[in-house]
Structures are given as structure tokens and as C-alpha cells.
Amino acid sequence: MKNEQLLELFSRTKEPLVIFDSAELHIGFVNEAMLKLWQKDEQAANNPLSQLISDALVGFSIKDLQECWQSGHTRLFCGIANELNRDGNAEFMRYDFHCQVLRGENGETRAL
């Protein structure tokens, strides 16, 4: 499967999805569902996560994700509580965030 096909598949999924392509958590890919969860537009994808949203909006520490990158260990953050403002109304939700490490040929972290 080619990269373009994977990106199209990822774009069509209804589940929020983001791929970070550096230890600084630069966004390599983000789908519409994740942008909606973060209440951001496509321009947001040009920034590292730390410039895009606060830990309070994510529901866990950005440092936790950086630790996943550095350690190479996959983590599951369960029951993340978040309050979103949708059309002027506060909406409380819970979700799980799976931080999957993608490794290169030499075992180095290439993406989350």
C-alpha cells in the first residue's frame, strides 16, 4: 500500500487520529475527527502539539507523549476527561487515547 492510499484511508476514518513525526510532536497527519475534537482547523496541522493545544485540552501531559517517543513504549491513556465548547455549549466527554509507537528498521521511534 502506498503512502497516498494510507493517508486517504486515515482521512476517511471516523475515529480521531493524529500522527506525530518528531520528538517535538510535530503533526505529520491529523484527520478531521481529531481537529473537531481539538476544535481546530486544518491550519493547526502545521504546528507542534505544544503550540496547538494546552495539556488541559488534551487531558494528559504533552510530556507523557514525549516520554513515549523517547522510551519507545506504547501507552494507553484511559478515561481522559475533557470539556469542550460546542456551539457555545459546554460538553463533557471521556475518551481513551492510544499512543502507538511506530519504529524504524533500526528500532528507533519514527512516529507516534
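Draft legend 1. Inspection of the pairing of strand S2 (residues 27-30) at higher detail. For strand S1 (residues 18-20) and S2, the ladder comprises three bridges, and the chain directions are antiparallel. If you follow Phe 20 over to S2, its bridge partner there is Ile 27. Linking S1 to S2, which pair antiparallel, is a turn of six residues; within it Leu 25 sits at a positive phi near 60°.

Draft legend 2. Main features of the nonpolar core. Grouped together as the largest cluster of nonpolar side chains are 24 residues, with contacts concentrated most on Leu 65 and Leu 112. If you list the elements that add at least two residues to this core, you get S1, S2, helix H2 (32-38), helix H3 (49-52), helix H5 (62-71), strand S3 (75-86) and strand S4 (89-99).

Draft legend 3. Quick look at the packing of aromatic side chains. Counting across every chain of the model gives one aromatic pair. Note on Phe 77 and Phe 97: the rings are 6.5 Å apart at their centroids and 55° apart in plane angle, and the pair reads as tilted. Taken as a pair, Phe 77 in strand S3 and Phe 97 in strand S4 lie far apart in primary sequence, 20 residues in all. Exposure remark for Phe 97: the relative accessible area of 14% places this residue in the buried category.

Draft legend 4. Structural detail: the pattern of salt bridges. Across all of its chains, the model carries two salt bridges by this definition. Across the salt bridge formed by Asp 64 and Arg 75, the nearest N and O atoms sit 3.8 Å from each other. With Asp 64 in helix H5 and Arg 75 in strand S3, this pair connects stretches of sequence that are eleven residues apart.

Scoring rules and cut-offs
- Residues numbered from 1 in each chain as written.
- Predicted model: local features only at pLDDT ≥ 70, side-chain atom pairs only at ≥ 80, totals over all residues.
- Heavy atoms only, no water.
- Pairing = 2+ DSSP bridges.
- Helix = DSSP H or I, 4+ residues; strand = E, 2+ residues; numbered from the N terminus.
- Core = buried A, V, L, I, M, F, W, Y, C linked by side-chain atoms within 4.5 Å.
- Buried < 20%, exposed > 50% of the residue type's maximum accessible area, 1.4 Å probe, protein only.
- Phe/Tyr/Trp six-rings, centres within 6.5 Å; stacked < 30°, edge-to-face > 60°.
- Salt bridge = Lys/Arg side-chain N within 4 Å of Asp/Glu carboxyl O.

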